[in-house]
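The primary structure of each chain is shown beneath.
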Amino acid sequence: MINVVYAVIQIIVLVLAAPLVNGIIKKVKALTQKRKGAPLLQMYYDLIKMFKKTVVVSDVSSWILKVTPYIVFSTAVAAGLLVPVTTLIQPGWFTGDIILVVAIFALGRFFMMLAALDTASTFGGMGSSREAMISSLIEPSILVTLFTIGLIAKSTSLFPIMNFMKSTGTPLIHPVYITAFITFFIIIITETSRIPVDDPSTHLELTMVHEAMLLEYSGRNLALMELGAAIKQLVFITLLVNIFIPLDQFIGVTGIAAVAVSLGLYLIKVVCVSIIIAVIEVNTVKLRLFSIPNLAALSFILSFLGFLQYFVFGR
Amino acid sequence: MSDYLDILSVLILLSSFILMANKRTKSHIRTFRIQAAMIALAAGIMGIDSLYKEGQFDLLVVCAVIIAIKVIYIPRLLKKVDANVEYKVEKDFFLNIPILIIGCCFIVVFTYFSISTSEGINAGTLNMRVVNSVSLILIGLFFMISRKKAIGQIVGFLVIENGIFVTAMFATQGMPFIVDMGMFIDLLSAVMILGVMVFKINEKFKSVDINKLKNLRG
């Protein structure tokens, strides 16, 4: 029973709140440019409209292009099931840890790159080669960061990690977690193709990375791909806020009210992080493609430095 | 309080990594300013603590002097020098940035292994922040030898000085007041002389690339 409740809450929160994060980021960007901007719920309208439209698939493409949207969407949701939005509902199963989360995302990304190559359009090939470069550069820092935290919490599973972080009180006043936190912000920006790495709002051929791979999709498939990308972004933000900013230990009430309060706090944290991401996006310019290895090296070294500080400070 | 000082020592080290990853002179100066502000914050925290416990306000004066000299005056001077020097060299460093950053990381590992095993008066609790501060000195040296432009080398010199100051502050809970002041006056005169030197180098060689200094050979 508790497993079903957990899964239902995870899926409802992640699928319904994911487009809102994009809406908030776009709204903040518009407000800083003194524009009114699209309404906060614009992405929901877009998705509903796209779900109603018919799908056009290129007739030179193979089955890969047809199954990829479903794989991308389902891998995003499957990874989301392993990252709890609230630590107050403990499911009975404990299979799956942070390594599996990274691997599931890698599976979805693999099919996305394959499908971009499938139609043999030039932009798709360009986008997928860039995506392969960026993802292989940023993956070490994800794993080193999460392993460092796992080393301190003595588990690689996410529930024990989050429960351990709740017991530390305020993790951000700690030399190891502050470096891991900064690294994780760079990882979020890179993984969700935000501005210093990739521009999500552009359709200029030379600078596209993620958008270049989505050019071939239409209708329902495009909606699934965009929703999958949004869910992936929310899953990474969830990892960040629930590991580094745990607030569940301060909730006084118990029972269903505690879960509701916890979900409310979670949404507030997500809104704050998306505003910070939007501010970063406003204040930076897109890096040259060949400068991205510098950013990736910096994030990897920051995570390694956190790992080293664990030994230096010994706690 | 000790938690905040731990965090500041890590953040000061991080700022030197970010300094290493910067390409342009303006961002060098900006990162140096942030680093100096964090050092002033650390001095302020320790100063308030010592005022509260022992009634001494030396470190608070040092904090004010750091803000006046390192956060406000020196960056402004460097910006003025930078504005007067025209850009000729596009590529500023000898190695590419990922290799430089990985080199910095090796410096931190090296410092950790050489200091954490040391015995003596600073054995025990003090070792932790001293590892970060001593690696800051070495990273400043590495920064200095990895840049070609003269302004980058001045920033490297300032980072070395920051490292020495932070090491002394974390290891001894604040040096004698007169020593700190002497260090700052030395630093101030050195930076002013170096600024004038950069003008002269630029005037003589039409560039601040220090490789061109070899032209002086007969």
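In what follows, the structure referred to is the one given above.
Residues numbered from 1 in each chain as written. Chains lettered and ligands numbered in written order. Predicted model: local features only at pLDDT ≥ 70, side-chain atom pairs only at ≥ 80, totals over all residues. Heavy atoms only, no water.

Asks: I'd like to hear about the overall build of chain B, residue by residue, with values.
Replies: Along chain B, the regular secondary structure elements total 7 helices and 0 strands. Along the chain direction, N to C, the helices and strands of chain B fall in the order α-α-α-α-α-α-α. For chain B, the exposed area adds up to about 10600 Å²; of that, 67% sits on carbon and sulfur atoms. (Helix = DSSP H or I, 4+ residues; strand = E, 2+ residues; numbered from the N terminus. Areas by Shrake-Rupley, 256 points an atom, 1.4 Å probe, with all protein chains shown as cover.)

Asks: Run through the overall build of chain A, naming residues and quoting values.
Replies: When you go through chain A residue by residue, the secondary structure sums to 11 helices and 0 strands. Secondary structure elements of chain A occur, N-terminal to C-terminal, as α-α-α-α-α-α-α-α-α-α-α. For chain A, the C-alpha radius of gyration of 19 Å lies close to 20 Å, the compact-globule estimate for 315 residues. Per-residue burial over chain A gives 54% buried out of 315 residues. (Rg over C-alpha atoms; globule rule 2.2 N^0.38 Å. Buried < 20%, exposed > 50% of the residue type's maximum accessible area, 1.4 Å probe, protein only.)

Asks: I'd like a description of the nonpolar core, backed by residues and values.
Replies: Residues and elements named next belong to chain A. Phe184, Ile243 and Phe244 are the most contacted members of the largest nonpolar core, which totals 78 residues. Top contributing element to this core by residue count: helix H9 (residues 219–244), with 15 residues. Excluding residues that lie within four positions of it along the chain, Ile243 makes contacts with Leu146, Ile149, Leu158, Ile161, Met162, Met165, Pro171 and Thr238. (Core = buried A, V, L, I, M, F, W, Y, C linked by side-chain atoms within 4.5 Å. Contact = heavy atoms within 4.5 Å.)

Asks: Lay out the pattern of salt bridges with the relevant residues and their values.
Replies: Inspection of the entire model under this criterion finds 8 salt bridges over all chains. Overlapping salt bridges bring together Arg109, Glu131, Glu191 and Lys232 of chain A as one network. (Salt bridge = Lys/Arg side-chain N within 4 Å of Asp/Glu carboxyl O.)

Asks: Which residues make up the interface of chain B and chain A, and what are the values?
Replies: Listed as interface residues are 24 residues of chain B and, on the opposing side, 23 residues of chain A. Surface buried jointly by chain B and chain A totals about 2000 Å² across both partners, of which 80% is contributed by carbon and sulfur atoms. At the boundary of chain B with chain A, the tally comes to 0 salt bridges. Summed over the shared surface of chain B and chain A, the number is 2 residue pairs in polar contact (both at pLDDT 80 or more). For the side of chain B that touches chain A, the secondary-structure elements that each account for two or more residues are helix H1 (2–21), helix H4 (97–115) and helix H5 (127–146) of chain B. Per-element accounting of the side of chain B that touches chain A gives the leading share, 12 residues, to H1 of chain B. Tallied by class, residues from the side of chain B that touches chain A come to 19 nonpolar, 2 polar and 3 charged. (Buried area = accessible area lost by both parts, 1.4 Å probe. Polar contact = N/O pair within 3.5 Å; in protein donor to acceptor, adjacent residues only side chain to side chain. Nonpolar A, V, L, I, M, F, W, Y, C, P; charged D, E, K, R; others polar.)

Asks: Describe helix H4 (residues 98–118) of chain A, listing the residues and the values that go with them.
Replies: The end-to-end C-alpha separation of H4 of chain A is 30 Å, in line with the 30 Å expected for 21 residues at 1.5 Å each. Phi turns positive, to about 60°, at Ala120 of chain A, one or two residues after H4 of chain A. (Expected span 1.5 Å × (residues − 1).)

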